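What follows is the residue order along each chain.
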Amino acid sequence: MENTQQSKRQSVNGINLVDIWSVQCGECFKWRLIPTEEEFEEIRSKITDDPFVCSKKPDVSCDDPADIERDDSRTWAIHKPGIPETPAGFKRRLVMRKDFSKMDCYYDAPNGKKFRALTDVSKFLDKFPKYKRDISTADFSFTSPKIMDDTIPTVAGKKL
DNA sequence: GCCACCGGTGGC
DNA sequence: GCCACCGGTGGC
């Protein structure tokens, strides 16, 4: 079972935004809310070497009830492990498709360039070699979270 | 002309 | 069958 993940509210007025970030405890498997995307990113990028446990949240232990349960009131997107921490100055973006079939991953570079695949990163590093001091293609992963099929919103029993 | 977004597919 | 990648394009 994966133990980092992000959940996402169902479409409201056509707006699809991630409104909840949560992480699963590696010991009791309860889900804990993470207040900000930045904190989630920090935990997520280190999860393999430094598994998340309830006690990492202030004044929380595995004895406390879960912050949130997995149900179909929202769409859940589970992050894959091993995605590197986003380099400083870069922004990793996940965009849900309108039909909830998948998410697309993009990075924004400090100079405004946008990447949609590792090949874009390679081209960028060739064009702007000064960045090679600090980053390589290994610092990027375009692997997007897995949408949990049973949580995709439906209309009259059918997927959008 | 740009770019956000989507559909299709080659390689695994 | 999945998914990383890329070509195309509609809307601005």
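Procedures and definitions
- Residues numbered from 1 in each chain as written.
- Chains lettered and ligands numbered in written order.
- Predicted model: local features only at pLDDT ≥ 70, side-chain atom pairs only at ≥ 80, totals over all residues.
- Heavy atoms only, no water.
- UniProt positions renumbered as here; feature names shortened; annotations may be inferred.
- Pairing = 2+ DSSP bridges.
- Helix = DSSP H or I, 4+ residues; strand = E, 2+ residues; numbered from the N terminus.
- Near = heavy atom within 4 Å.
- Polar contact = N/O pair within 3.5 Å; in protein donor to acceptor, adjacent residues only side chain to side chain.
- Buried < 20%, exposed > 50% of the residue type's maximum accessible area, 1.4 Å probe, protein only.
- Phe/Tyr/Trp six-rings, centres within 6.5 Å; stacked < 30°, edge-to-face > 60°.

Per an unreviewed UniProt entry, chain A carries the name Methyl-CPG-binding domain 4 and comes from Perilla frutescens var. hirtella. Looking at chain A in UniProt, the text filed under Subcellular location (unreviewed entry) is "Nucleus".

Glancing now at the sheet that holds strand E5 (residues 91-96). An order of E5-E6-E7 is seen for the 3 strands of this open sheet, with the pairing classed as antiparallel. Two strands in the sheet have a free side with no partner beyond their single neighbour: E5 and strand E7 (114-115). Bridge analysis of strand E6 (residues 103-108) against E7 gives 2 bridges, and the strand direction is antiparallel. When the bridges of E7 are listed, aspartate 108 appears paired with lysine 114.

Bringing the protein's contact with DNA strand C into the picture now. Lining the immediate surroundings of DNA strand C are Lys80, Lys102, Arg116, Ala117, Leu118, Thr119, Phe142, Thr143 and Ser144. The contact atoms of DNA strand C, taken as those within 4 Å of the protein, divide so that sugar and phosphate hold 62%. A distance of 2.4 Å separates a base oxygen of DNA strand C from a polar atom in the side chain of arginine 116. The separation between a phosphate oxygen of DNA strand C and a polar side-chain atom of threonine 143 is 3.5 Å.

In this structure, phenylalanine 29 takes a positive phi of about 65° despite not being glycine. Tracing the chain through its elements places phenylalanine 29 in the loop between strand E2 (20-24) and strand E3 (31-34). Take phenylalanine 29: its relative accessible area is 49%, and that puts it in the partly exposed class. Even without being glycine, phenylalanine 100 reaches a positive phi, approximately 65°. Topologically, phenylalanine 100 is positioned in the loop between E5 and E6.

Counted under the stated rule, the structure contains 12 aromatic pairs. Members of the aromatic cluster, each reached through a chain of ring pairs, are Phe90, Tyr107, Phe115, Phe124, Phe128, Tyr131, Phe140 and Phe142.

The subject of this paragraph is the UniProt feature "domain: MBD" (unreviewed entry) in chain A. The positions that UniProt labels "domain: MBD" (unreviewed entry) are, in the present scheme, residues 76-147. Taken end to end, residues 76-147 has its terminal C-alpha atoms 6 Å apart, with 14% of it in helix and 26% in strand.

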